[in-house]
Amino acid sequence: MDANPEISPNASPTPGGRIVLAATPIGNTGDASARLIELLGTADIVAAEDTRRLHRLVQNLGVTVAGRIISYHEHNEASRTAELLDQVRAGSTLVMVTDAGMPAVSDPGFRLVEGAVAAGLTVTAAPGPSAVLTALALSGLPTDRFCFEGFLPRKAGERASRLADLSAERRTMVFFEAPHRLEVMLRALRERFGPDRRVAVCRELTKTYEEVLRGSLGDILAWAESNEVRGEIAVVLAGAPEQAAGTPADHVAAVNELVAQGIRLKEAVAAVAEESRVSKRELYSAVLAAR
């Protein structure tokens, strides 16, 4: 164990102000916490991903923002972070909000936290709604172990490579996807994980037209192909099932299939070896011997 562990600034607050990551409703305004309402009305600065959405939110909540409102999003966070940190260092309380859910989780906020931690400034959170956890809880899939993968790459090759990395993942996986790309995504999932893998598509969570579809990848893809999907989407995918290891020779075909899809040989061997629980070195030798 490290004899001199790094101590988080939150354990011993430094002089100056603080940053509060405040979760906002993911759909239903009634999910806004009392702390969020208080913070919006008392903070010196409110950094918002979309100031128009913030104005609509505070209007619906009946809150008057007394502090300064600053836009802070993916296109300006690199240039604006230093300015905001200076304000916090000078004693300001800064509340960070995004369009929905918790800042820094597939949303702006990470750069701000990273900079604050490096500068020894206090960062805390007002927790609340989360599309990731809500979708996971409603999916009907195992919740004891899970991972969040965000949005898959748009380019087919990059998407296939990412899914190949996940081929042996045994934890439940949570993704985000835009409605107009859902069909393409589900087709890619079916090609990688097979038509029988269980999946849940969660649409418009906490909103009036909330919908959760649960079934096999084959069935849910058929639904997406025959319907015009709208709204915000979270996709929850079951992890890989336990499989008998077998011998390395039993898995040569699986490696060759990945290689045919454009995956590099070493990466394909590593993915199949992990999924099948066989020796990577022995599997690599078996592949070469079969050629």
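Remember, it's a predicted structure, so these values are computed and weren't measured experimentally.

Here is what the cut-offs are and how they apply
- Residues numbered from 1 in each chain as written.
- Predicted model: local features only at pLDDT ≥ 70, side-chain atom pairs only at ≥ 80, totals over all residues.
- Heavy atoms only, no water.
- Helix = DSSP H or I, 4+ residues; strand = E, 2+ residues; numbered from the N terminus.
- Buried < 20%, exposed > 50% of the residue type's maximum accessible area, 1.4 Å probe, protein only.
- Contact = heavy atoms within 4.5 Å.
- Core = buried A, V, L, I, M, F, W, Y, C linked by side-chain atoms within 4.5 Å.

Enquirer: Help me get a handle on the overall build of the chain, residues and values and all.
Expert: Helix and strand content of the chain: 11 helices and 10 strands. Summarising its shape, the C-alpha atoms of the chain cover approximately 70 × 55 × 30 Å along the three principal directions. Among the 291 residues that make up the chain, the fraction classed as buried is 44%. Long-range pairs, those at least 24 residues apart, make up 72% of the contacts in the chain between residues at least 6 apart in sequence.

Enquirer: Tell me about the nonpolar core, and name the residues and values.
Expert: Core analysis: the biggest nonpolar cluster contains 24 residues, and L182, L186, L189 and V235 have the highest contact counts within it. Of all elements in the fold, only β7 (172–177), α7 (182–193), β8 (198–203), α8 (217–225) and β10 (233–237) reach the threshold of two or more residues within this core. The greatest single-element share of this core, amounting to six residues, is contributed by α7. Here V235 is in contact with M173, V174, F175, L182, M185, L189, V199, A200 and V201, once residues within four sequence places are set aside. Counting residues in each nonpolar core, the second largest holds 18 residues, with V20, A22, A43 and V97 among its members.

Enquirer: Quick one: what's the story with unusual backbone geometry, residue by residue and with numbers?
Expert: One non-glycine residue, A104, lies in the positive phi region at around 80°. Note on placement: A104 falls in the loop between β4 (93–97) and α4 (110–119). Using a relative accessible area of 30% as the deciding quantity, one classes A104 as partly exposed. Not every positive phi belongs to a glycine, and T206 is a case in point at roughly 70°.

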